[in-house]
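# Structural overview
The lines below spell out each chain.
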Amino acid sequence: MSDNNRLGVFKTYKLYVGGKFPRSESGRVYEVTDSKGQWLANAPKSSRKDARDAVVAARKAFGGWSGATAYNRGQVLYRVAEMLEGRKDQFVREVAASEGLSKSKAAAVVDAAIDRWVWYAGWTDKIGQIAGGANPVAGPFFNLSTPEPTGVVAVLAPQKSSLLGLVSVIAPVIATGNTAVVIASADAPLPALSLGEVLATSDVPGGVVNILSGATAEIAAPLAAHQDVNAIDLTGADAALAKELEIAAADNLKRVLRPQPVDADGAPDSEDWPASPGTHRLTAFLETKTVWHPTGALGASGSSY
């Protein structure tokens, strides 16, 4: 049968909240265009209600995800890399259109994003040795410090790096047992919304990552003030917005990861995303639990263990 008269099926982009794909509660959408101003798709424009729903989903998922073994979390993150590898062609097209890159450069970005998932997958069961340990104390005690996840983390994704930067801020949050509410790049949300589809078909439990699209400031304000959000990553905020959100976040003493210094034009995203990420994002949303335990005496000599 000839396809000459066939109409193509346009993709409907949706939010990713609680493992499901709802449209925005408000019913609003906005046009997403490529670097040349040509229409690409309509993206859902999230509301404050969508943000609150995402926090509820993230909190519900936190107990199971933080209670999973670090090794299991590593397996899950590696599975995300596997699934992203299988959909590489789609993401190359979306990144090329979103960031105005050639196909070869977009392919390099997607490859780096896949490798970034593998990088953080390898760190899940090793960060404890970096961020914790046995502490020397004066007395017959064991004193042990171990890292624990902070809780629900609101993440403002980079505005310019629609996939590699996005993965670089999501992966360390969930690798350490936190759950995330992510605000995608306002101008280039399509790779983020498609990443939700990858997460849904991986082994990531619903609610561990929730992805919203729309006006960054509109969605970030209720998240920064939300009493059930424990931390916020301000990477995708400009200087003025970051200051406002820091003030709001202080109300319940959220952990705050401040953005890097802005570019000369005042826009965020001065970070070198292709560079080796290091461990600073892994430790940014960890708490330290310290346990004291008395040592026991062994025999008449008084030696202890």
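Above this text is the structure in question.
So, here is what we can say about the structure in this document. Each chain has its residues counted from 1, running along the sequence as written. Per-residue local features of the predicted model are confined to residues with pLDDT of at least 70, and side-chain atom pairs are confined, for both listing and counting, to 80 or more; whole-chain, interface and lining totals are unaffected and use all residues. Hydrogens and water are ignored here; the side-chain numbers use all heavy atoms of the structure.

## Notes on the sheet that holds strand E10 (residues 286-294)
Read across the open sheet, the three strands follow the order E3-E4-E10; overall the sheet is antiparallel. Edge strands, defined here as strands with exactly one partner in the open sheet, are strand E3 (133-134) and E10. By the convention used here, strands pair only if DSSP detects at least 2 bridges between them. Starting at the N terminus, helices and strands are each numbered in turn, a helix being any DSSP run of H or I of at least four residues and a strand any DSSP run of E of at least two. Pairing between E3 and strand E4 (residues 141-149): two bridges, direction antiparallel. Of the residues in E4, the one forming a bridge with Ala134 is Leu144.

## Thoughts on the side chain of Arg116
Tracing the chain through its elements places Arg116 in helix H4 (residues 103-123). We note that Arg116 is buried and unpaired, the nearest opposite charge coming from Asp272 at a distance of 7.9 Å. The contact criterion used throughout is that any non-hydrogen atoms of two residues lie within 4.5 Å. If we ignore the near neighbours within four places in the chain, the residues touching Arg116 are Leu164, Val167, Ser168, Trp273, Pro274, Ala275 and Pro277. Each residue is assigned to one of three classes by its accessible area relative to the maximum for its type, calculated with a 1.4 Å probe on protein chains only: buried under 20%, partly exposed between the two thresholds, exposed over 50%. For this count, His and the chain ends are skipped, Lys and Arg are scored as positive, and Asp and Glu as negative. A pairing counts as a salt bridge when a side-chain nitrogen of Lys or Arg comes within 4 Å of a carboxyl oxygen of Asp or Glu.

## Quick notes on the nonpolar core
Grouping buried Ala, Val, Leu, Ile, Met, Phe, Trp, Tyr and Cys residues that are joined through side-chain atoms within 4.5 Å yields what is termed a nonpolar core. If you look at the biggest cluster of nonpolar residues, it comprises 59 residues, and the most contacted ones within it are Trp117, Val182 and Leu199. Per element, the largest residue contribution to this core is nine residues, and it comes from helix H6 (residues 164-175). Residues in contact with Val182, not counting those within four places in the same chain, are Val155, Ala157, Leu166, Ile170, Val209, Asn210, Ile211 and Leu212. By size, the runner-up hydrophobic cluster in this structure holds 25 residues, among which are Leu15, Val181, Ile219 and Val229.

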